[in-house]
Amino acid sequence: MTNESPAEFILLAGFLGSGKTTLLRDWLALPEAADTAVIVNEAGQIDIDGAVIADSGPLPLAMLSNGCVCCSLTNDLVFTVQSLLESREKAGLPPFRRIILECSGLSRPGPILRSLGPLAPLGLRVRAIATCDAAQAEARAAHFDEFAAQIAAADVVVVTKLDQAEGEAATALAAGINPLAARIVEPDPARRALAAFTTPPGAALSTPGAAAPHPRIGVHLVEFLGDAGWDDRLDWMENLAAFAGERLLRMKGFLHPAEDDGAALLVQVVGTLFSPLSRMARTARTPEALVVIARDLTAQDLRSMAPDAPVRISRYADGARRASAA
Ligand SMILES: Nc1nc2c(ncn2[C@@H]2O[C@H](COP(=O)(O)OP(=O)(O)OP(=O)(O)O)[C@@H](O)[C@H]2O)c(=O)[nH]1
């Protein structure tokens, strides 16, 4: 089954009207989009996005209608992915290279990713793309919690509507919320779509350029001290998820395992959902550190959460991964 499973599950998030469907249609028009299946979650009664995508031409398309996938349709999502795979196999066609889920504009990525748990045996590589409208400042302010959760979960942030507004403000805002994401600021729709769907997730760790953090978002660097044991590391991360709840938007980084064989373990957390630690066997050893993106939580709050924990918490310095004292 693993050989025939799709290589990627791509969650396409982004605030209401920020250009998700448009980006997806631009992608589906490219030859590189062959062997893509699409699932559309339309929260309202009428499936407008689904109809627009279907108009792109023949493609495997499934709908999750009448509700928000992050609130009520998580079982349906697993069933829908399984059905798409099975019907593809029955038709004798090559396996999908990717399944793209277009979320509704108010969806939070964390619960959606959590709901994919039953699909773990398929070995999907999961990543998230978020669209960020260059001109939509008011909507961002009014629904900041959802907007921040979408941007913080993203491996790739795509700035849209560059023909309507300068992209600098939206780009800086996105970078201030999630300095780990690769940012695509490309006015040409076809090149933008190609970059959005083909930028590898690993690019997110090395995006250069400093960004001023958003006043409500803390981006923290967490380092374990010399006497910290393996359980201290796991306990600290679990405590953080319980303490921060919805305020924890993203955690990403590397741990050096207890039985150290020279390879680091990649930590991936979206919302409070922990992916299994994965071993970085083929890349040069990276320093041990975690980057925590949280809403309405200061470095002092994180220290107070576990005052005796053997960790150092400082402000994350974008790009160079250097910490300045917080
Ligand atoms: N000028 C311009 N308009 C755009 C661009 N991208 C999207 N739009 C328009 O913005 C509106 C919303 O775009 P959609 O692609 O439907 O946005 P969405 O995020 O899928 O919307 P919801 O599913 O309702 O959340 C449509 O009228 C699009 O034509 C762009 O880059 N430039």
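Bear in mind that the values here come from a model prediction, so they are computed numbers and not experimental data. (Residues numbered from 1 in each chain as written. Predicted model: local features only at pLDDT ≥ 70, side-chain atom pairs only at ≥ 80, totals over all residues.)

Q: What am I meant to see in the overall build of the chain here?
A: On a plain count of helices and strands, the chain comes out with 10 helices and 15 strands. Per-residue burial for the chain yields a buried fraction of 40% across its 326 residues. (Helix = DSSP H or I, 4+ residues; strand = E, 2+ residues; numbered from the N terminus. Buried ≥ 20, exposed ≤ 12 C-beta atoms within 10 Å, placed from the backbone.)

Q: I'm lost on the site of the ligand in this one. Help?
A: Taken together, 14 residues surround the ligand, and among them Gly19, Lys20, Thr21, Thr22 and Gly105 come closest. When residues in the shell around the ligand are grouped by element, the largest group, 3 residues, is from helix H1 (residues 20-28). Class assignment for the residues of the shell around the ligand results in 1 nonpolar, 9 polar and 4 charged. (Near = placed C-beta within 6 Å. Nonpolar A, V, L, I, M, F, W, Y, C, P; charged D, E, K, R; others polar.)

Q: What is the right way to look at the nonpolar core in this model?
A: Soluble globular proteins tend to pack their nonpolar side chains together in the buried interior. One finds Ile151, Ala154 and Val157 to be the most contacted residues of the largest nonpolar core, which totals 76 residues. It is helix H6 (residues 144-153) that provides the largest number of residues to this core, a total of 6 residues. Leaving out residues up to four positions away in the same chain, Ile151 has contacts with Ala130, Cys132, Val157, Ala174, Ile177 and Asn178. (Core = buried A, V, L, I, M, F, W, Y, C linked by C-beta atoms within 7 Å. Contact = placed C-beta atoms within 7 Å.)

Q: In this structure, what is going on with the environment of Lys161? I would like to understand it.
A: With respect to the helices, strands and loops of the structure, Lys161 is situated in the loop between strand S6 (156-160) and helix H7 (168-177). Between the C-alpha atoms of Lys161 and Ser304, which are 143 residues apart in sequence, the distance is 42 Å. In this structure Lys161 touches Gly19, Asp133, Ala134 and Ala135, once residues within four positions along its chain are discounted.

Q: Would you mind going over the packing of H1 against helix H8 (residues 189-198) with me for this structure?
A: The description of two helices packed together rests on the angle between their axes and the distance between the axes. Viewed as axis vectors pointing N to C, H1 and H8 meet at an angle of 90 degrees, and their least axial separation amounts to 8 Å. The angle between the axes of H1 and H8 places the two elements in the roughly perpendicular class. Residues Leu23, Asp26 and Trp27 of H1 form the contact with H8, whose own contacting residues are Pro189, Ala190, Arg192, Ala193, Ala196 and Phe197. (Axes fitted to C-alpha atoms, helices over the stretch in contact; angles between N-to-C directions. Parallel < 35°, antiparallel > 145°, perpendicular 65-115°, else oblique.)

Q: Help me understand unusual backbone geometry, please; the structure alone is not making it clear to me.
A: The phi torsion of most residues other than glycine is negative, and most of the peptide bonds are trans. Backbone geometry at Lys161 places phi at a positive 60 degrees, although glycine is not the residue there. When the 19 C-beta atoms within 10 Å are taken as the criterion, Lys161 is described as partly exposed. At Asp296, a residue that is not glycine, the phi angle is positive and equals roughly 60 degrees. Position of Asp296 among the secondary structure elements: in the loop between strand S13 (289-295) and helix H10 (299-305). With 14 C-beta atoms counted inside 10 Å, the residue Asp296 sits in the partly exposed group.

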